[in-house]
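Residue strings, one per chain:
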Amino acid sequence: DTAVSQTPKYLVTQMGNDKSIKCEQNLGHDTMYWYKQDSKKFLKIMFSYNNKELIINETVPNRFSPKSPDKAHLNLHINSLELGDSAVYFCASRPTSGGTDTQYFGPGTRLTVL
Amino acid sequence: GQSLEQPSEVTAVEGAIVQINCTYQTSGFYGLSWYQQHDGGAPTFLSYNALDGLEETGRFSSFLSRSDSYGYLLLQELQMKDSASYFCAVRGRGSTLGRLYFGRGTQLTVWP
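Residues numbered from 1 in each chain as written. Chains lettered and ligands numbered in written order. Predicted model: local features only at pLDDT ≥ 70, side-chain atom pairs only at ≥ 80, totals over all residues. Heavy atoms only, no water.

A. Local environment of the overall build of chain A. From N to C terminus, chain A includes 0 helices and 11 strands. Of the regular secondary structure in chain A, the N- to C-terminal order runs β-β-β-β-β-β-β-β-β-β-β. On C-alpha atoms alone, chain A measures out to a radius of gyration of 13 Å, which is about the 13 Å that the 2.2 N^0.38 rule sets for 114 residues. When the backbone C-alpha atoms are referred to their principal axes, chain A occupies close to 40 × 25 × 25 Å. The 114 residues of chain A split such that 44% are buried. (Helix = DSSP H or I, 4+ residues; strand = E, 2+ residues; numbered from the N terminus. Rg over C-alpha atoms; globule rule 2.2 N^0.38 Å. Buried < 20%, exposed > 50% of the residue type's maximum accessible area, 1.4 Å probe, protein only.)

The following block contains the structure:
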């Protein structure tokens, strides 16, 4: 009964390649996020979607393009990968109502760019 | 903008009590959250304070003082499995859809 799932868990690729990470949540939440966690564990939001609509777009290179085909899925495509893109990418979801800031994180995708 | 300060690391022994502090600066404030992350794992939600005071959930408690822009996470009866990183996070103005800004995390090491 996985709540938020991501694939792949590990991704090793060469500089300049294009790759995608997929995320799915079965919690019925309206809002989904992509976070990047660097080697020093700093967790920073990249994008947020609400009901398939882009809501938050932090200062992220336009090589990163999120896509939400429906409110249960939020994918992340990265073009022309660079060494600095190496990080753990977390997908998360949150109910729009509820009164707390509880976000449910996926297991993460560890991206290594060689 | 938003900024959060928390200690980078804390160590303690099993059975002890530890407090992890968090001070924040935000343009507007909706609440302070705490997340736990084990090595190689995902952040998991621990607690949320929107109002001043103490919230208790089992061995963990979280406190907030909005006037001081300060909160803490209190972990009691420490166990080895509590060794993890702990992040405070705030939601500020204009983030009605739950944008969280995270602190840089506190690495807690529990010794036997």
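B. Examining the sheet that holds strand S6 (residues 53-57) of chain B more closely. All names here are of chain B. With antiparallel pairing, the 5 strands of this open sheet are ordered in space as S1-S3-S8-S7-S6. At either end of the open sheet lies a strand with only one pairing partner, and these are strand S1 (3-5) and S6. In this sheet, adjacent strand axes meet at a mean angle of 20° when their direction is disregarded. Bridge analysis of S6 against strand S7 (residues 60-65) gives 5 bridges, and the strand direction is antiparallel. Bridge pairing in S7 links Glu56 to Ser61. (Pairing = 2+ DSSP bridges. Axes fitted to C-alpha atoms, helices over the stretch in contact; angles between N-to-C directions.)

C. Summary view of the pairing of strand S1 (residues 4-7) of chain A. All names here are of chain A. Going residue by residue along S1, you find Val4 and Gln6 tucked away on one face and Ser5 and Thr7 left uncovered on the opposite face. One ladder, built from 4 bridges, connects S1 with strand S3 (residues 19-25); its direction is antiparallel. Residue pairing for S3: Ser5 is matched across the bridge by Glu24.

D. Structural detail: the pattern of salt bridges. All chains considered together, the criterion is met by 6 salt bridges over all chains. Note that Lys71 of chain A is salt-bridged to Asp30 of chain A, the shortest N-O span being 2.8 Å. You can see Lys71 of chain A sitting in the loop between strand S7 (64-70) and strand S8 (73-78) and its partner Asp30 of chain A sitting in the loop between S3 and strand S4 (31-37), a full 41 residues away along the chain. Its relative accessible area of 22% is what places Asp30 of chain A among the partly exposed residues. Salt-bridge contacts for Asp82 of chain B lead to Arg59 of chain B; the nearest nitrogen and oxygen are separated by 2.7 Å. (Salt bridge = Lys/Arg side-chain N within 4 Å of Asp/Glu carboxyl O.)

E. Main features of the sheet that holds S1 of chain A. Residue and element names in this part refer to chain A. Here 4 strands make up an open sheet; going across it, the order is S1-S3-S8-S7 and the pairing antiparallel. The sheet is open, and its two edges are formed by S1 and S7, each paired on a single side. Direction aside, the axes of adjacent strands within the sheet are offset by 20° on average. Strand direction decides the pairing type here: S7 and S8, joined by 5 bridges, are antiparallel. Among the inter-strand pairings, Asp70 is bridged to a residue of S8, identified as His73.

F. Representation of the interface of chain B and chain A in the model. Taken together, the contact pairs 23 residues of chain B with 24 residues of chain A. Approximately 2000 Å² of surface area, both sides summed, lies buried where chain B meets chain A, with 54% of it carried by carbon and sulfur atoms. For the pair chain B and chain A, the number of links is 1 salt bridge. Linking Asp39 of chain B and Lys41 of chain A is a salt bridge whose minimum nitrogen-to-oxygen distance equals 2.9 Å. Between the two partners, chain B and chain A, sit 5 residue pairs in polar contact (both at pLDDT 80 or more). (Contact = heavy atoms within 4.5 Å. Buried area = accessible area lost by both parts, 1.4 Å probe. Polar contact = N/O pair within 3.5 Å; in protein donor to acceptor, adjacent residues only side chain to side chain.)

G. Focus on unusual backbone geometry. The omega angle of the peptide bond from Thr7 of chain A to Pro8 of chain A is -5°, so this bond is cis rather than trans. Mapping Pro8 of chain A onto the fold places it in the loop between S1 and strand S2 (10-13). We note that Asn51 of chain A has phi near 50°; this positive angle belongs to a residue other than glycine. Considering the arrangement of structural elements, one finds Asn51 of chain A in the loop between strand S5 (43-50) and strand S6 (53-57). With a phi close to 45°, Glu77 of chain B is a non-glycine residue in the positive phi region. For Glu77 of chain B, a relative accessible area of 54% corresponds to the exposed category.

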